[in-house]
Amino acid sequence: MLDFYRRLYRTIRPSSGDDEANPDDGGVRADGGVVTDGPAAEPPAEPDRDVTTRLKASLDRRFGSDFMESSVFWLPPFLLMGLFVYGAVIWNLLISLTDYQRFENAPDYSDLDFEMYTRALADSGFIDAAVNTLILLIAFTAGTLIVGLVLAILIDRGIRFENTFRTIYLLPMSLSFVVTAQFWLWIYNYNNGIANNLIGTFGLGPISWLGNQDIVLYAIIFALMWQFSGYAMVVYLAGLRAIPTEHYEAAKVDGASALKMYWRVIIPQLKGATISAAVVLMVFGMKAFDFLYSLVGGYRPPNGADILATKMVREAYANLNWAYGSAIAIVLFGMALSVIGPYLVYEYRRNNL
Amino acid sequence: MSDTEPRTDGGTMTTTARLRRTLDQTTVEDAGLYVVLIFAAAFYLVPIESGLVTSFKTGTAIIETAPFAPPGASGLTFEKWQAAIDALLRGMGNSLLYAVPATVISAFVGSVTAYGLTIPTWKQSYKAVVLMLIIAGIFIPYQAVLVPLTQFWSQWVQLTQTLSFVWALGVPDDYAGIIELVITHVAYGIPICTLLFRTYYKTMSDEMIESARLDGATLRRVYRRIVLPLSGPMFAVVLIYQFTQIWNDLLFTLVLVSTESSPAAPVVLILAGLGTSLEGQDFALRMAGAFFAALPTLAVYIFFGEEFAEGVAA
Amino acid sequence: MATLELDSITKTFQDGDEEIVAVDDVSLSIDDGEFLVVVGPSGCGKSTTLRMVAGLETITSGTLSIDNRVVNDVKSQDRDIAMVFQSYALYPHMSVRQNMSFGLEESTDLPDDEINRMVSETGEMLGISNLLDRKPSDLSGGQQQRVALGRAIVRDPEVFLMDEPLSNLDAKLRAEMRTELQRLQNDLGVTTVYVTHDQTEAMTMGDRIAILDGGELQQVATPLECYHEPTNQFVASFLGEPSMNFFDVTLEGDRLVGEVFEYSIDESVQSDLGGVTDLRLGIRPEAVELVDEGGEHAFETTVDVVEPMGDENTVYLHFDPDADPETAATLVATIDGFNRVSEGDTVTARVPEDAIHVFDRATGEALHNRSMEDAAAQIDL
């Protein structure tokens with residue numbers, strides 16, 4: 001692998017062969033020198049210690065002894081991913097500043113302005129979608145966490161058939177949004193769906209779950225909770241298992257009731273699990289596009305349930321307002337960043353990276 | 001050498017569970033607990049069960065029987081399954097065509113990346129920066145990259161033209177979309193695969209790696225002879241997780257393949273529009289289609305539930 | 001075979017804004033074929049030193065040479081060393097044979113059958129021939145330990161590095177392996193650096209021992225020299241079990257005056273002290289004698305506690321019978337196991353002048369040690 005770098009370097013600098021004979025080697029080393037470079041660390045010159053090796057050695061000393069050798073492993077994938085993620089986000093930002101739309105082949109980058117963002121602020125559809133996104137994120141995340149926590153506590157009480165229950169609760173998570181959307185479409189069906197069947201037995205309804213603008217968003221949140229509470233349960237379960245049994249026993253000995261024990265002793269220790277589950281759930285929530293698209297089989301979700309994710313795709317791919325779609329995407333990205341940024345800093349501080 | 005065994009450690013888990021159990025011995029409470037658990041199980045299963053029974057119902061049975069009740073002899077039909085399979089089988093093949101290579105490649109690349117960022121010694125602070133950038137990539141809403149992605153594949157890298165010799169062989173050029181999907185899924189799969197492998201590699205014994213280095217092995221040899229052979233359990237987790245994610249994803253297929261009528265349309269794309277017509281929605285067909293499309297991921301989940309749980313929990 | 005030279009080796013770690021010195025200016029020179037034991041309390045920098053020799057840690061400053069070749073910037077795999085780790089670090093997915101061949105396959109171009117032959121020979125030497133096809137997880141701790149050794153031996157390196165290789169074994173096996181390791185090292189004659197926190201291993205195994213504390217080298221000498229002629233109070237207290245007795249004393253004329261006793265010293269000892277008056281008197285427990293009648297250097301004491309060890313007893317003596325046993329100055333003595341004393345007895349303890357050590361109280365430096373010849377003569381008796 002090292003040879004690869006050496007060859008690469010040779011092609012870039014064909015004269016490097018001469019440097020071997022160059023007696024004035026010390027100069028380069030001094031430049032590459034690092035704080036850790038004591039006077040005694042100067043090794044006797046060896047014949048094969050050419051510029052490449054020295055360059056490599058100086059890089060290694062700055063970044064750590066395996067830096068160059070290990071870069072073959074992580075650098076190419078990192079660059080590929082960086083191109084597709086960060087390169088694309090920056091590109092997207094640029095496009096959002098153009099007026100790119102319709103069947104133009106490429107955006108015109110010569111004229112950049114914030115027109116698309118002012119347009120968004122004036123677009124009541126955008127404001128509604130942003131509000132819906134926030135409601136969805138908060139209600140979905142909070143609801144899913146609570147259901148997941150309750151399930152995890154119940155399952156952790158040393159029950160029989162634990163694996164069976166866990167498997168059932170997590171089952172919806174393995175299904176595609178496209179598939180679960182079909183199920184819930186059927187459940188929310190006005191005439192024959194289970195939802196209306198169920199409330200019918202209490203003499204209520206029927207309700208047009210997906211047709212009523214005030215209800216539809218919550219109906220969708222409920223369906224998403226069904227799909228992801230198993231995930232929250234698994235994360236909480238791992239958190240609960242990490243708590244030593246002594247804590248339960250100590251609380252018992254102190255005479256705490258079961259409820260008090262969980263509230264005062266156990267739940268506070270699940271902070272880490274809550275944070276990481278919440279971040280992941282919010283991201284799932286922002287990706288709820290697949291579910292809404294499949295629910296109607298098209299770009300236009302039920303009235304009252306439009307979120308930024310669906311609006312962005314609709315504007316770009318149905319209405320061909322590429323630049324406007326990009327601007328909405330940047331807003332969505334900003335929302336995601338405001339959640340992920342602090343989370344990553346938190347994980348870094350805890351030395352968890 | 002506990003660090004190398006699969007970490008699904010059932011043994012200690014049950015002991016602690018048993019300990020906890022002794023804390024609350026009231027049987028009435030226990031009975032209540034099971035009632036709640038069973039109700040919860042019903043909540044998760046009924047939508048699926050209802051879908052399953054509906055998929056076998058005739059049009060009249062759908063109206064006449066309760067949505068979760070079995071169809072009964074007169075209302076039973078396999079016609080909808082037949083139709084769903086006819087409609088989706090092509091998509092199933094297409095999905096496998098990109099999901100399998102993308103899964104395998106992203107898992108392998110993730111393993112290599114995680115290795116380079118975990119095992120070799122270089123400055124922790126620099127590693128952390130690279131890792132942060134990679135991990136943030138897991139959480140990016142894909143909407144933020146869609147338009148550039150479309151630009152990239154349609155204007156910059158025009159596979160339809162580049163691979164014209166392939167289409168000349170009689171392969172419909174729509175299949176360029178499949179190749180685009182593989183590369184796209186690999187690129188966006190690198191972050192999560194790297195993270196999963198990294199959590200695993202962090203538990204590997206430092207002394208073992210150091211010992212291999214002292215034995216004269218280069219980093220590449222350490223990976224090939226020590227780390228890779230010991231990565232088996234994590235490969236199971238990552239392959240299963242990635243396969244589920246890629247198979248289930250709709251957004252990229254929608255943007256890159258675009259139409260469900262395309263010969264290269266993946267199953268999710270066809271399913272999203274299945275059973276919708278001007279006369280209304282054919283629920284039995286939709287349910288049959290949903291089940292058929294979910295079969296591969298369901299099979300994976302049922303056979304490898306443990307690994308799946310580990311994948312999502314990481 | 002090679003010499004190993006550490007010249008002013010220093011290692012600092014950055015912890016936030018703080019710089020922590022783990023190893024401070026250590027210079028050591030290890031002869032070809034020598035067995036050097038590096039010993040010290042945990043956190044003294046002994047493992048860091050070893051890891052720097054192995055190339056697993058970078059050297060902040062100083063030079064490290066193997067056979068007069070500076071290897072500071074040479075990677076681990078090119079230093080021709082083999083290391084045995086505390087956890088053995090066997091490769092769990094490989095059989096014993098594969099574990100042992102790995103190093104030869106990676107670092108040499110030897111043909112497979114040659115490697116196989118060498119592995120078999122080494123296996124025979126270590127008595128693990130019957131285990132060669134097993135996986136490490138099927139082996140006991142002692143067997144794993146042997147495989148780890150075999151893996152190092154088969155490579156025939158210039159230098160062996162061992163990082164507490166015996167500390168995961170139970171006491172009996174540890175004693176056995178101690179002897180065996182010594183025998184192997186003797187037969188192979190490979191320069192060896194052995195790190196341990198166990199003073200028994202240090203005393204019994206090494207040709208010389210190097211004692212580290214707080215990252216600084218305290219003394220390098222043969223085990224007996226370190227024991228009988230410690231350079232400072234740390235070395236004196238670190239070696240020996242029970243530990244050496246220490247009493248704060250002040251020099252007044254020809255007498256060392258302590259809180260509860262006075263001790264007269266002759267001119268030769270006085271001259272060693274070089275005018276320092278704030279001193280610390282040291283005496284090894286086994287040098288204290290219980291005698292029938294008083295005399296010079298003999299004290300009336302009360303027995304506080306007796307700890308029978310079988311072959312010998314450890315007794316804790318107080319100078320003042322009425323003193324609070326928690327705080328009173330205690331003289332620890334090891335005496336013959338048949339010597340029956342019990343708690344509360346009044347006994348006369350003699351502290352022979354030729355066995356005392358005197359340290360500078362301010363610096364801890366040894367000013368006067370018992371002489372090795374005297375000590376040797378006493379052992380012969």
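Residues numbered from 1 in each chain as written. Chains lettered and ligands numbered in written order. Predicted model: local features only at pLDDT ≥ 70, side-chain atom pairs only at ≥ 80, totals over all residues.

## Some details on the sheet that holds strand E9 (residues 208-213) of chain C
Across a sheet, strands are paired by hydrogen bonds formed along the backbone, either parallel or antiparallel in direction.
Residue and element names in this part refer to chain C.
Then, number 1: As summarised here, the arrangement of the six strands in space is E6-E7-E8-E3-E9-E10, forming an open sheet in which the pairing is mixed. Edge positions in the open sheet fall to strand E6 (81-84) and strand E10 (216-221), since each of these has one partner strand only. Across the sheet, the axes of successive neighbouring strands diverge by a mean angle of 15 degrees, strand direction being ignored.
Then, number 2: Here five bridges tie E9 to E10, and the two strands are oriented antiparallel to one another. In the sheet register, Leu212 faces E10, and the bridge partner there is Leu217. (Pairing = 2+ DSSP bridges. Helix = DSSP H or I, 4+ residues; strand = E, 2+ residues; numbered from the N terminus. Axes fitted to C-alpha atoms, helices over the stretch in contact; angles between N-to-C directions.)

## Some remarks on the interface of chain B and chain C
Then, number 1: Between chain B and chain C, the residue contacts involve 16 residues of the former and 19 residues of the latter.
Then, number 2: Of all the secondary structure elements, the ones that give two or more residues to the side of chain B that touches chain C are helix H11 (206-214) and helix H12 (219-227) of chain B.
Then, number 3: The element best represented in the side of chain B that touches chain C is H11(B), accounting for six residues. (Contact = placed C-beta atoms within 7 Å.)

## What about the UniProt feature "transmembrane region" (unreviewed entry) in chain A?
All names here are of chain A.
Then, number 1: Feature annotation in UniProt assigns "transmembrane region" (unreviewed entry) to the following positions: residues 72-94, 134-155, 167-187, 215-240, 261-284 and 322-346.
Then, number 2: When the span residues 167-187 is considered, its composition is 71% helix and 0% strand, and the gap between its end C-alpha atoms is 22 Å.
Then, number 3: Secondary structure content for residues 215-240 is 96% helix and 0% strand, and the end C-alpha separation is 35 Å. (UniProt positions renumbered as here; feature names shortened; annotations may be inferred.)

## Notes on the packing of helix H9 (residues 177-187) of chain A against helix H16 (residues 283-303) of chain B
Then, number 1: Packing of H9(A) against H16(B) leaves a shortest axis separation of 9 Å and a crossing angle of 150 degrees. As judged from the angle between their axes, H9(A) and H16(B) are roughly antiparallel. Here the hand of the crossing between H9(A) and H16(B) comes out left-handed. Contact residues: H9(A) offers A:Val179, A:Gln182, A:Phe183 and A:Trp186, while H16(B) offers B:Phe283, B:Arg286, B:Met287, B:Ala290, B:Ala293 and B:Ala294. (Parallel < 35°, antiparallel > 145°, perpendicular 65-115°, else oblique. Left-handed = near helix turned anticlockwise from the far one by under 90°.)

## Quick look at the interface of chain A and chain B
Then, number 1: If you look at the interface, chain A gives 89 residues, while chain B gives 89 residues.
Then, number 2: If you tally residues by element for the side of chain A that touches chain B, the top one is helix H5 (residues 67-96) of chain A, at 17 residues.
Then, number 3: Looking at side-chain class alone, the side of chain A that touches chain B contains 62 nonpolar, 20 polar and seven charged residues. (Nonpolar A, V, L, I, M, F, W, Y, C, P; charged D, E, K, R; others polar.)

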